[in-house]
Amino acid sequence: MSPYRWTIEKVMTATDGRLVCGSAQLDLAGIAIDSRTVLPDQLFVAIAGESHDGHRFIAQVLDSGVKGVVVADAQVSNLPLERMRTEGVACVRVPDTTRALGDLARFNRRRGGVKVVAVTGSNGKTSTRMLMELVIGQTFVVLATSGNMNNHIGLPLTLFRLGPAHHAAVLELGMNHAGEIDTLGRICEPDVGVITNVGPAHLEGLGSIDNVARAKGELLGTIRAGGTAVLNGDDPRVAALGQPLDCPVVYFGTGPDAQVRAESIRLTAMGMTFVLVTPSGSVPVRLATPSRVMVGNALAAAAAGEILGVSLDRIQRGLERFEPQVGRMGIRRLGHDIRLIDDTYNANPASMLAAIETLAALRGESRTIAVLGDMLELGEASSALHHKVGERVGQLDIDRLFVTGTFADSVAAGALGRRMPASGIFSGSQAEITAELCRQLAPGDLVLVKGSRGMAMERVVEAVCRWAQDER
């Protein structure tokens, strides 16, 4: 689908920028920030990032045929202005090109009658966004965040893909410091603002869970007039965010007061099943994932769909089309009847505990094995939070524990404190625990592998899969 087109005049209107040279009527097909991939008919915005400054590549983008650029006031004197004038290049100057990128994205968001759903939370943002895309996409043409494009650069780049054919946008908003969600919310101006949960993630930058709640709650102040907040009624901190709001609030959860709720939740061999109850009625739902946490994400998606007018049968159809991404609670069935739960994409305390509980719930007659890496960005609370993870492993009688990372000893100590025998715990480098895991694996084992993104625990999964293939 083609995105909206731009003129330099629209660029100046969006950014309050000033024309240095060229024509305000220049017509452009889109906006880009990467000098290596920008197309001749796109506007190049020179972003000064941590590693690279786009202004240094202006000559390169001119060589590629680009006819429109946005630059910072402070860099104008360093630019090849004479060449720009000679070649008919339109140059717009702004005080801050990163802020201008957001201004351009907001301008694009306001085109047409698109409805925007923005989702944030400590856990489940990506899965919830994917579920929403499936649900809302049953009725509307939807633009959605792809990958991890959920920050002050990724969000604008997503919104630049918006075009006349779209009816709705589902956007994921990430953060690691206070004020970030407010900035992102003011760029995308949501009609529906969704907060999945609040947990001890990004404590290194925010200090406490209450500060995390306040930071996530910034989204609610950016909801458009006439919009709706969608909040997790099972999370006390999230539910409390709805009390002072002037806009309508829809709560989702498992409690009787939630307008969108799950009843009769069961874990089956095929995944989670539950009865979805909404103001429009009730319907059975089967989710192709073993994670109970995903039920809450599905409820958030159902609530957003209901608000946007998606019928109940289409909400059901969208939810049941969900398939977990690689590294997000997907179950791999290996040789010798070994099952491997791959949840390696990321980790924080809440998602780690949920994954361990899923491991225990799926046990059946299997021996359970938890292979865990560090949870990052937890600041001073890191050791204590890793210790709690180990305690949960012990409490749930997980049979084997393999740990790696800076806080491996904390996890092991927590498990030992809950009477897990030392003989069931192995700690070491990732290579060491992988080798020992493969040595100990036996037919029928159920294995969970999880850790923060920076721990690259997917390498353990790959090694186990190779081992299983070789052992056939």
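Further up the page is the structure itself.
Quick summary incoming for the structure in this document.

What follows deals with the overall build of the protein chain. When its secondary structure is counted, the protein chain shows 17 helices and 22 strands. In summary, the protein chain has a C-alpha radius of gyration of 25 Å against a globular reference of 23 Å for 472 residues, a match within 12%. Structurally, the protein chain occupies a C-alpha span of about 75 × 50 × 45 Å along its principal axes. Within the span of the protein chain, comprising 472 residues, buried residues form 56% of the whole. Summarising the internal contacts of the protein chain: among those between residues at least 6 apart in sequence, 65% fall at separations of at least 24. Accessible area for the protein chain stands at about 19600 Å²; split by element, carbon and sulfur atoms hold 48% of it.

Counted under the stated rule, the structure contains 21 salt bridges. Here D27 ties to R5 by a salt bridge, and the two come within 2.6 Å at their closest N and O atoms. Within this pair, whereas D27 is found in strand β3 (residues 27-28), its partner R5 is found in the segment before β1 (6-7), the two being separated by 22 residues in sequence. What makes R5 partly exposed here is its relative accessible area of 43%. Here R261 and E263 are joined by a salt bridge, their closest N and O atoms 3.0 Å apart. Among the charged side chains, a network of salt bridges with common partners joins R18, D73 and R93.

Within the open sheet, the 5 strands sit side by side as β2-β7-β6-β5-β4. Their pairing is mixed. Pairing within the sheet leaves two strands with one partner each, and these edge strands are β2 (18-21) and β4 (30-32). In this sheet, adjacent strand axes meet at a mean angle of 30 degrees when their direction is disregarded. In terms of strand pairing, β4 meets strand β5 (residues 42-45) through 3 bridges, oriented parallel. Directly across from G30, in β5, lies its bridge partner Q42. Against the sheet, helix α1 (residues 8-15) touches β2, β5, β6 (68-72) and β7 (90-94), its axis set at about 0 degrees to β7. The strands touched by helix α4 (residues 97-109) are β4, β5, β6 and β7; relative to β5, the strand with the most contacts, the crossing angle is about 145 degrees.

You will see that E189, though not glycine, has its phi angle at about 45 degrees, which is positive. Within the secondary structure, E189 sits in the loop between α7 (180-188) and β11 (192-195).

Let us now look at the side chain of T228. You can see T228 is positioned in strand β12 (residues 228-232). Once residues within four sequence positions are removed from consideration, T228 is found in contact with D191, V192, G193, I223, P248, V250 and I307.

The next subject is the environment of K67. When you line up the elements, K67 lands in the loop between α2 (58-63) and β6. Looking at K67, the relative accessible area reads 31%, which means it is partly exposed. Spatially, the C-alpha atoms of K67 and D27 are 9.4 Å apart, while their sequence positions differ by 40 residues. Here K67 is in contact with L26, P40, E87, G88, V89 and A90, once residues within four sequence places are set aside.

For D374, the location among the structural elements is in the loop between β19 (368-372) and α14 (382-395). You can call D374 buried: its relative accessible area is 3%. Distance from D374 to A442, taken between C-alpha atoms, is 25 Å for residues 68 residues apart in sequence. Setting aside its immediate chain neighbours within four residues, D374 contacts H386, T404, G405, T406, F407, A408, G451, S452 and M455.

Below, the discussion takes up the nonpolar core. One finds L43, L104, I356, L372 and L401 to be the most contacted residues of the largest nonpolar core, which totals 80 residues. Ranked by residue count, the leading element in this core is helix α13 (residues 349-361), at 5 residues. Setting aside residues no more than four positions away along its own chain, I356 makes contact with L372, V389, R392, V393, L396, I398 and L448.

Following the sequence through the fold, T358 ends up in helix α13. The exposure class of T358 is buried, given its relative accessible area of 5%. Beyond its immediate chain neighbours, meaning those up to four positions away, T358 contacts P290, S291, R292 and M329.

What follows is about helix α17 (residues 458-470). Helix length check: α17 (13 residues) gives 18 Å between terminal C-alpha atoms against 18 Å at 1.5 Å per residue, within 8%. The set of residues buried in α17 consists of V460, V461, A463, V464, C465, W467 and A468.

Okay, the sheet that holds β11 next. Taken together, the 9 strands give an open sheet; going across it, the order is β9-β10-β8-β11-β12-β13-β14-β15-β16, and neighbouring strands pair in mixed fashion. Each edge of the sheet is formed by a strand with only one pairing partner; in this case those strands are β9 (142-144) and β16 (281-287). Neighbour to neighbour, the strand axes of the sheet diverge by 15 degrees on average, direction disregarded. Two strands pair when backbone bridges link them, and strand β14 (residues 260-268) and strand β15 (residues 271-278) are joined in this way by 6 bridges, in the antiparallel orientation. Across the sheet, residue R261 finds its bridge partner in β15, namely V277. Across the sheet, helix α12 (residues 312-320) is in contact with β15 and β16; its angle to β16 comes to roughly 10 degrees.

Axis separation between helix α5 (residues 125-136) and α12 bottoms out at 7 Å; the angle between their running directions is 135 degrees. In terms of axis orientation, α5 runs oblique to α12. The element α5 and its partner α12 pack so that their crossing is right-handed. Along its contact with α5, which presents L131, L134 and V135, the element α12 presents I315, G318 and L319. When grouped by side-chain class, the residues that make up the contact of α5 with α12 number 5 nonpolar, 1 polar and no charged.

Calculation rules
Residues numbered from 1 in each chain as written. Predicted model: local features only at pLDDT ≥ 70, side-chain atom pairs only at ≥ 80, totals over all residues. Heavy atoms only, no water. Helix = DSSP H or I, 4+ residues; strand = E, 2+ residues; numbered from the N terminus. Rg over C-alpha atoms; globule rule 2.2 N^0.38 Å. Buried < 20%, exposed > 50% of the residue type's maximum accessible area, 1.4 Å probe, protein only. Contact = heavy atoms within 4.5 Å. Areas by Shrake-Rupley, 256 points an atom, 1.4 Å probe, with all protein chains shown as cover. Salt bridge = Lys/Arg side-chain N within 4 Å of Asp/Glu carboxyl O. Pairing = 2+ DSSP bridges. Axes fitted to C-alpha atoms, helices over the stretch in contact; angles between N-to-C directions. Core = buried A, V, L, I, M, F, W, Y, C linked by side-chain atoms within 4.5 Å. Expected span 1.5 Å × (residues − 1). Parallel < 35°, antiparallel > 145°, perpendicular 65-115°, else oblique. Left-handed = near helix turned anticlockwise from the far one by under 90°. Nonpolar A, V, L, I, M, F, W, Y, C, P; charged D, E, K, R; others polar.

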